[in-house]
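# Structural description and commentary
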Amino acid sequence: MSTRVVITGLGAITPVGNDVETMWQALITGCSGVGPITHFDPTPFETKFAAEVKEFDAAALFGRKDARRMDRFTQFAVAAAGQALADAHLSVTPENAPRIGCIFGSGIGGVSTILSEVDVMREKGIGRVSPFLVPMMLPDTAPGQIAIQYGLKGPNMTIVAACASSANAIGEATETIRRGAADAILTGGAEAGIVPLALAGFVVMTAVSRRNDAPQKASRPFDANRDGFVLGEGGVALLLENLDHAKARGARIYAEVLGYGASADAYHITAPQETGEGAAWAMRTALAQAKLEPQDIGYLNAHGTSTQLNDKSETAAIKQVFGPSAFQLPISSTKSMTGHLLGAAGALEAVVCVKALQNGLLPPTINYETPDPACDLDYVPNAARRVPIRTAMSNSFGFGGHNACLVFGISDF
């Protein structure tokens with residue numbers, strides 16, 4: 001019998017709350033974390049809003065000196081990981097440290113550090129560039145810093161797969177435990193891409209919403225009048241454990257990772273395959289690993305970015321996999337409230353699935369006003385829905401044609 005992998009700890013720094021419970025309460029009440037950009041002056045940009053993390057004080061958490069040596073995305077990662085570790089009540093000791101790892105996801109890593117140090121070099125010269133530039137900008141610095149902060153000596157790496165990064169990280173962490181290379185792994189994702197250059201890039205490729213008159217209504221997945229995603233930021237962590245390891249130490253178990261699927265569209269560098277074939281393959285793979293039929297899934301947290309192409313192709317993929325039962329499946333996109341956390345999105349939505357399983361409550365897709373004939377499924381519009389569920393699926397798709405799907409479940413552990 002294959003090793004079972006369970007979730008025993010959760011942590012979150014998000015645009016709708018800097019801990020899991022605050023985040024969850026915001027989502028089930030339909031609260032949006034989107035607002036005017038404060039990180040820099042957005043006046044020159046066609047899009048002037050984003051989903052920023054609020055009231056996050058890295059200096060208070062890590063001390064001023066250590067905080068200055070971490071890019072914002074790493075600060076988010078270390079903070080969320082600390083919450084998850086504390087939530088799991090797992091003590092790291094010299095004896096168990098080599099069996100506890102960290103696998104995180106990030107799409108762009110320390111982009112704010114890169115930009116700030118480019119300015120330093122241009123204005124003050126090469127000699128004034130920070131000696132911490134390279135370690136601060138690397139995506140793998142997040143799990144490295146987590147390991148240093150909490151003493152984790154097991155497998156340690158970053159998965160980079162654009163907006164599927166942290167879903168892939170959770171899946172690969174699960175596989176690492178299943179093959180016996182670790183007893184527990186802190187996994188998740190972090191991103192801090194609300195910077196001028198990243199926003200400019202998304203604006204010129206017409207990927208982000210321009211609804212400046214009503215930012216909180218800008219992210220509207222599956223709605224006919226959607227006009228792009230909303231850029232978000234944050235860090236989210238889950239502690240995964242071998243079931244036997246968790247039970248032996250008397251851990252509280254939230255849910256089990258039942259299945260993981262990954263695929264590539266092999267189609268286009270940014271656009272999803274219109275038929276959703278690649279995404280459908282990832283979903284089928286996750287279901288097969290979970291030993292479930294499509295009709296066994298109680299809830300699906302969609303990638304649901306609020307772009308014309310993604311929402312249409314994802315709907316097509318869901319129909320391919322679920323057939324007639326697709327029309328009875330509750331689906332929601334919490335990006336309507338959190339914005340798109342890029343490489344951290346999959347981890348955030350994995351936590352949402354866990355909370356939905358625990359509470360029998362499905363968060364809504366807010367801002368859903370005008371049905372789109374090409375998106376004709378049940379998107380849990382505008383209000384949370386109480387439905388007892390035993391299984392949940394989470395989709396994450398990224399530029400480059402990366403697809404990842406996770407299936408979670410609860411049982412009597």
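Cut-off values and rules
- In this numbering scheme, every chain counts its residues from 1 along its sequence in written order.
- Reporting in this predicted model follows two pLDDT cut-offs: at least 70 for local features of residues, and 80 or more for side-chain atom pairs to be given and counted; totals over whole chains, interfaces and linings ignore these cut-offs and use all residues.
- Side-chain measures were taken over the full set of non-hydrogen atoms in the model, leaving aside hydrogen atoms and water.
- Burial status follows relative accessibility: with a 1.4 Å probe on protein chains alone, a residue under 20% of its type maximum counts as buried, one over 50% as exposed, and anything between as partly exposed.
- In this text, helices come from DSSP runs of H or I with a minimum length of four residues, and strands from runs of E with a minimum of two, each type numbered from the N-terminal end.
- In this description, strands pair whenever DSSP reports at least two bridges between them.
- For our purposes a nonpolar core is just a set of buried Ala, Val, Leu, Ile, Met, Phe, Trp, Tyr and Cys residues, chained together by side-chain atoms within 4.5 Å.
- In this analysis, two residues are considered to be in contact whenever any of their non-hydrogen atoms come within 4.5 Å of each other.

### Observations concerning the pairing of strand E4 (residues 100-105)
Remember that side chains alternate between the two faces of the sheet whenever the strand is regular. Among the 6 residues that make up E4, 6 are buried, leaving the element largely enclosed by the rest of the structure. On E4, burial covers both faces: Ile100, Cys102 and Phe104 on one face and Gly101, Ile103 and Gly105 on the other are all buried. Examined bridge by bridge, E4 and strand E6 (residues 184-192) share 6 bridges and lie parallel to one another. Paired with Gly105 across the bridge in E6 is Gly189. Here E4 pairs with strand E5 (residues 156-159) via 4 bridges, running parallel. Its bridge partner being in E5, Phe104 is matched across the sheet by Thr158.

### Regarding the nonpolar core
Grouped together as the largest cluster of nonpolar side chains are 52 residues, with contacts concentrated most on Ile7, Leu10, Met23, Leu238, Leu240, Tyr299 and Phe408. If you list the elements that add at least two residues to this core, you get strand E1 (5-13), helix H1 (20-28), helix H8 (165-178), strand E7 (233-242), strand E8 (255-264), helix H14 (345-359), strand E11 (361-362) and strand E14 (402-409). Sorting elements by how many residues they give to this core places H14 first, with 10 residues. In this structure, Leu10 is in contact with Val20, Gln83, Ala84, Asp87, Ala237, Leu238, Tyr254, Val351, Val354 and Lys355, ignoring residues within four places of it in sequence. Listed in part, the 31 residues of the second largest apolar core include Phe62, Ala88, Ile100 and Leu186.

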